[in-house]
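# Commentary on secondary and tertiary structure
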Amino acid sequence: MLQEIFASPVEDKIFYAVLVFSWTVYIWEAYLACRQRKIYRTTMHVPTELGKIMDSETFEKSRLYQLDKSNFGFWSGLYSEAEGTLILLLGGIPFLWKVSGILTARFGFGPEYEISQSLVFLMLATLFSAFTGLPWSLYNTFVIEEKHGFNQQILVTIYADYIAPLFDKFTPLPDGELKSEIESMSKSICFPLTKIYVVEGSKRSSHSNAYFYGFFKNKRIVLFDTLLEDYSPLNKPGEKEPGTGEENEVAGNESKTKPKNKKQGCSNPEVLAVLGHELGHWKLGHTVKNIVISQMNSFLCFFLFAVLIGRKELFVAFGFHDTQPTLIGLMIIFQFIFSPYNELLSFCLTVLSRRFEFQADAFARNMGRSSELYSALIKLNKDNLGFPVADWLFSMWHYSHPPLLERLRALTGPKQD
Ligand SMILES: [Zn+2]
């Protein structure tokens, strides 16, 4: 068998290399998922760092949910890998292309209308994948998520991430202690701050709490009001008593049925620590580096695509012996030929992004704001912890943003620059 492959024409080699690579990635990720499942099965207690913000009931609920999801992911992943392999081996792509040709010819478009044949092909392929994927997603929605009562949260997240920001209202941060402290911190690291805004929108997920934007010497900082303890759209003067821990209902928090009786936002020093992290991204050039990398990547992809699209053997490898449709070329090159490059790139980007996050945390730490950042991170993440423990290898491969626990441990661990 192997000898046959080595003696085979280049088209066959391309074809089998694609298959082998795809299975290699599949097996690697299945191995990682297996490691992570072991964590779900064996981690029975809330990590001590999170003892104050996560009760054992929530922890157990989330653990069982993740375990079910991961087991389901194993079967659905195996199915889709096997399906993809069968499609390739049985020549599903050229077959579907041929069917699309027959259909378009029915409507009076000959083979010279490649664009209409491509459209029909896309439609058929979408229908096919929807049809074969439907049972899996139905099972996921109606059995797993129903059982654990988690599906509503997805809708809330979508709302918070995509819909709510459309209605964001920006107001300048009023003069006061926080404003002057932010200004002096910016000055200390030469950050060209021009304005500070607060977004009013209490119903958002806590993915993002502060960011900056603007070009060159004209930067603005935006803080979400959910970050700020002392800020409320209904500004009630005289009620500001930072650090007393008194039971304070924050406006706009009515959606939760059980009463929330903890202060939501961060104290001023904590806000500054969070900003220290964000400004660290700026000072260390992370934003610029990300832009440069993504530009270089798109340039490289277009260049390689232009070189490869003319290679007949790529088409022959996937069963296209006498035609070279552009759509099929796009599919072969971006989906199959580039897949090793894409895997490598996405791994490097994940590693880099994690590094940037740890560096930004270390930046805030070097400003002497380590303990404030620690408590701020805990406050800001307590509502979206999910299952907080991850296998290190699984986390390194999948999480471009290190999980809370890893950040907390890095903050208290030995300093590294
Ligand atoms: Zn960051």
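Residues numbered from 1 in each chain as written. Predicted model: local features only at pLDDT ≥ 70, side-chain atom pairs only at ≥ 80, totals over all residues. Heavy atoms only, no water.

### What about the coordination of the zinc ion?
Protein coordination at the zinc ion: the donors are His277 (NE2), His281 (NE2), Glu357 (OE) and Glu357 (OE), at 2.1 to 2.7 Å from the metal. Here the zinc ion binds 4 donor atoms, and the angle range of 52 to 135 degrees at the metal identifies the geometry as irregular. The motif formed by the donor residues of the zinc ion, counted along the single chain, is H-x3-H-x75-E. Residue His281 is found in helix H8 (residues 268–283), and its partner Glu357 is found in helix H12 (residues 339–366); the two are separated by 76 residues along the sequence. (Donors = N, O, S within 2.8 Å, 3.2 Å for Na, K, Ca; no water. Tetrahedral: all angles 85-135°; square planar, octahedral: opposite > 155°, others 65-115°. Helix = DSSP H or I, 4+ residues; strand = E, 2+ residues; numbered from the N terminus.)

### Some details on the UniProt feature "binding site: Zn(2+)" (unreviewed entry) in the protein
In this structure's numbering, the residues bearing the UniProt feature "binding site: Zn(2+)" (unreviewed entry) are His277, His281 and Glu357. The named residues occupy 81 residues along the chain; their greatest pairwise C-alpha distance, 8.2 Å, places them in one compact cluster. Residue placement: His277 occurs in helix H8. Ignoring sequence-local partners within four residues, the contact set of His277 consists of Glu357, Ala360, Asp361, Ala364 and Arg407. A relative accessible area of 10% means that Glu357 is categorised as buried. Residues in contact with Glu357, not counting those within four places in the same chain, are His277, His281, His401 and Pro402. A polar contact of 3.2 Å, which involves the side chain of Glu357, links it to the side chain of His281. (UniProt positions renumbered as here; feature names shortened; annotations may be inferred. Contact = heavy atoms within 4.5 Å. Buried < 20%, exposed > 50% of the residue type's maximum accessible area, 1.4 Å probe, protein only. Polar contact = N/O pair within 3.5 Å; in protein donor to acceptor, adjacent residues only side chain to side chain.)

### Focus: the sheet that holds strand S2 (residues 193–200)
Spatial ordering of the open sheet is given by S1-S2-S4-S3, a layout of 4 strands whose pairing is mixed. Looking at the sheet topology across the chains shown, the edges are occupied by strand S1 (169–172) and strand S3 (210–213). Along the sheet, successive strands turn relative to each other by an average axial angle of 30 degrees, direction set aside. Here S2 runs beside strand S4 (residues 219–224); their pairing, made up of 6 bridges, is parallel. Paired with Val199 across the strands is Phe224, a residue of S4. Its contacts with the sheet put H8 on S3 and S4, and the angle it makes with S3 is roughly 40 degrees. (Pairing = 2+ DSSP bridges. Axes fitted to C-alpha atoms, helices over the stretch in contact; angles between N-to-C directions.)

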